[in-house]
Amino acid sequence: MERIAIIGMGPIGVSIGLGLRRSGLEHTEVVGMDRNRDALSQAKELGSLDRATGNLRGALKGAQLVVLDTLVPDTRDMLEAIGPDLDKGCVVTDTGAAKVQVMEWARTYLPAGTSFVGGRPILRQPVSRLDDADATLFNDSYYCVIPAESADPEAVKSVVGMVESLGANPLFLDAHEHDSYAAALVGLPVLLSAALVSSTTASPSWREMSRLAGSEFREASNLAASDPLDSAVFCHASVDALDHWLGRVVAELTVYKEQLRETDEMLLKSLIRAWEERARWEAGKVVEKTSFDVPSAAQSAGEALFGSRLVKRYRQITGAIRRPPWKYPTNG
């Protein structure tokens, strides 16, 4: 009997369990571990796990694949904690949004003979509660796969197999290019949401204003409710990239500010352009730009994303198998 251990029963971890069990993996036990008994109980009731435990060592015993569903600030301690109890040949992956830092922690704390393959699902809908967990959460979405340099090819195949069992599409990136993109698409929205809340609630009129805060404010301020420590750790791990994108947003807002007082239709044109670009993204019809502008820390990222490097890397790792079957590395 093979074993997959999911450490952390957040909505993503529970959804991974649900997706794996839905895929009908034979001779595979899905074990969930969390010290929160209520979360464990709910995960078991939802059908996410074959077995639930609050004992970390017990969950890891005999596991071929370990999935860490932990906040970034907790990932370091968890990697340090699991290291001594991992079997040789074990594969470890995660679900967090910061990869460069996590790769360094994995290199420091995981023992020789194990492999770390970073992972991060790109969700089409927000999840914040266990009630949001769903076996179909990853269907037809991208799932980032970021192998450590020392990762065994068979370990990468195992993670790719898990990703495809969940109904997702593996997207190969290296840690630096992932974090550069995530700075714009994860960290920047959180900072903008926090800035909106900070600037409006600091007004002497906020008490009166707050009565007018409806769905627009709620939606735009929602990311400000993200875990502050997790957000801060992520942002500090992507300083250069975030500095770049914050500069771009400040410049764009300055243009909007100038357009507000103009009598022509420049502001309307700017808003229409933003509306069109979002519609293209939502429809999956993003147009490739003639130039690619990313922070200097990821100069090679454009080539990796839009060139042939990803395809070659995927074929090399998976042995050119279009839909590689689930396969664990052998212990030894």
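Residues numbered from 1 in each chain as written. Predicted model: local features only at pLDDT ≥ 70, side-chain atom pairs only at ≥ 80, totals over all residues. Heavy atoms only, no water.

### A look at the overall build of the protein
Across its full length, the protein holds 14 helices and eight strands. Here the protein holds 332 residues, and 42% of them are scored as buried. Summed over its atoms, the accessible surface of the protein is roughly 18,500 Å², and 52% of this surface lies on carbon and sulfur atoms. (Helix = DSSP H or I, 4+ residues; strand = E, 2+ residues; numbered from the N terminus. Buried < 20%, exposed > 50% of the residue type's maximum accessible area, 1.4 Å probe, protein only. Areas by Shrake-Rupley, 256 points an atom, 1.4 Å probe, with all protein chains shown as cover.)

### With respect to the environment of alanine 183
By secondary structure assignment, the location of alanine 183 is in helix H7 (residues 175-201). With a relative accessible area of 0%, alanine 183 lands in the buried category. For the pair alanine 183 and cysteine 235, spaced 52 residues apart in sequence, the C-alpha to C-alpha distance is 7.3 Å.

### As for the confidence of the model for the protein
Taken residue by residue, the protein gives an average pLDDT of 87. The fraction at 70 or more is 87%. A low-confidence stretch, residues 295-315 stays under pLDDT 50, and its non-local contacts, those more than four residues away or across chains, total 41 contacts. Here residues 317-332 is modelled with pLDDT under 50, and outside its nearest four sequence neighbours on either side it reaches 41 contacts, counting other chains as well. (pLDDT = per-residue confidence, 0-100. Contact = heavy atoms within 4.5 Å.)

### What to know about the pairing of strand E8 (residues 169-172)
Covered by surrounding structure in E8 are Pro170 and Phe172 only, the residues Asn169 and Leu171 on the alternate face being uncovered. Bridge count between strand E7 (residues 142-147) and E8: four bridges; the pairing is parallel. When the bridges of E8 are listed, tyrosine 142 appears paired with asparagine 169. In terms of handedness, the path from E7 via helix H6 (residues 153-165) over to E8 forms a crossover that is right-handed. (Pairing = 2+ DSSP bridges. Right-handed = clockwise from strand over helix to strand, strands pointing away.)

### Brief notes about the nonpolar core
Counting residues in hydrophobic clusters, the biggest one holds 41 residues, and the most contacted among them are Ile7, Val66, Leu79, Ile82, Val92 and Phe116. Per-element accounting of this core gives the leading share, six residues, to H7. (Core = buried A, V, L, I, M, F, W, Y, C linked by side-chain atoms within 4.5 Å.)

### Comments concerning the pattern of salt bridges
One pass over the structure, following the stated rule, counts ten salt bridges. Among the ionic pairs, arginine 21 bridges to aspartate 50, the shortest N-O distance being 2.9 Å. Of the two residues, arginine 21 sits in helix H1 (residues 11-22) while aspartate 50 sits in the loop between helix H2 (37-46) and strand E3 (51-53), which places them 29 residues apart along the sequence. A residue is classified by how much of its surface remains accessible, and arginine 21, at 36% relative accessible area, is partly exposed. Judged by relative accessible area, which is 33%, aspartate 50 ranks as partly exposed. The network of salt bridges with shared partners includes Arg3, Glu29 and Arg51. (Salt bridge = Lys/Arg side-chain N within 4 Å of Asp/Glu carboxyl O.)

### Details of the environment of glycine 58
One can find glycine 58 in helix H3 (residues 56-60). Considering only alpha carbons, one finds glycine 58 and methionine 33, 25 residues apart in sequence, at a separation of 8.9 Å. Setting aside residues no more than four positions away along its own chain, glycine 58 makes contact with Arg3 and Arg51.

### With respect to the sheet that holds strand E1 (residues 2-7)
Taken in spatial order, the eight strands line up as E3-E2-E1-E4-E5-E6-E7-E8 in an open sheet, and their pairing is mixed. Two strands bound the open sheet, and with one partner strand each, they are E3 and E8. Going from strand to strand, the sheet's axes swing by 25 degrees on average, the running direction of each strand aside. Where E1 meets strand E2 (residues 28-33), six bridges bridge the pair, whose relative direction is parallel. Opposite alanine 5, over in E2, you have valine 31 as the bridge partner. Contacting E1, E2, strand E4 (65-68), strand E6 (115-121) and E7, H1 runs over the sheet at an angle of about 160 degrees to E1. (Axes fitted to C-alpha atoms, helices over the stretch in contact; angles between N-to-C directions.)

### Here we look at the packing of H7 against helix H10 (residues 228-236)
A pair of packed helices is captured by two measures, namely the crossing angle of their axes and the spacing between those axes. The contact between H7 and H10 brings their axes to 10 Å, and the two run at 135 degrees. Relative to H10, the element H7 is oriented oblique. The way H7 lies across H10 gives a crossing that is left-handed. In contact with Ala182, Ala183, Val186, Gly187, Val190 and Leu191 of H7, H10 contributes Ser231, Phe234 and Cys235. When grouped by side-chain class, the residues that make up the contact of H7 with H10 number seven nonpolar, two polar and no charged. (Parallel < 35°, antiparallel > 145°, perpendicular 65-115°, else oblique. Left-handed = near helix turned anticlockwise from the far one by under 90°. Nonpolar A, V, L, I, M, F, W, Y, C, P; charged D, E, K, R; others polar.)

### Here's the deal with the side chain of glutamine 259
Relative to the assigned elements, glutamine 259 resides in helix H11 (residues 239-260). The class for glutamine 259 is buried, based on a relative accessible area of 8%. Contacts of glutamine 259, omitting those with residues within four sequence positions, involve Met266, Leu267 and Ser270.

### Describing H11
In this model, H11 (22 residues) spans 31 Å end to end at C-alpha, consistent with the 32 Å of a helix rising 1.5 Å per residue. As for H11, its buried residues are in contact with H7, H10 and helix H12 (266-282). (Expected span 1.5 Å × (residues − 1).)

### Considerations on unusual backbone geometry
One non-glycine residue, histidine 27, lies in the positive phi region at around 55 degrees. In this structure, histidine 27 sits in the loop between H1 and E2. By relative accessible area, histidine 27 is classed as exposed at 60%. The phi angle at aspartate 140 is positive, at roughly 60 degrees, despite the residue not being glycine. Of note, aspartate 140 is situated in the loop between E6 and E7. Judged by its relative accessible area of 57%, aspartate 140 is exposed.

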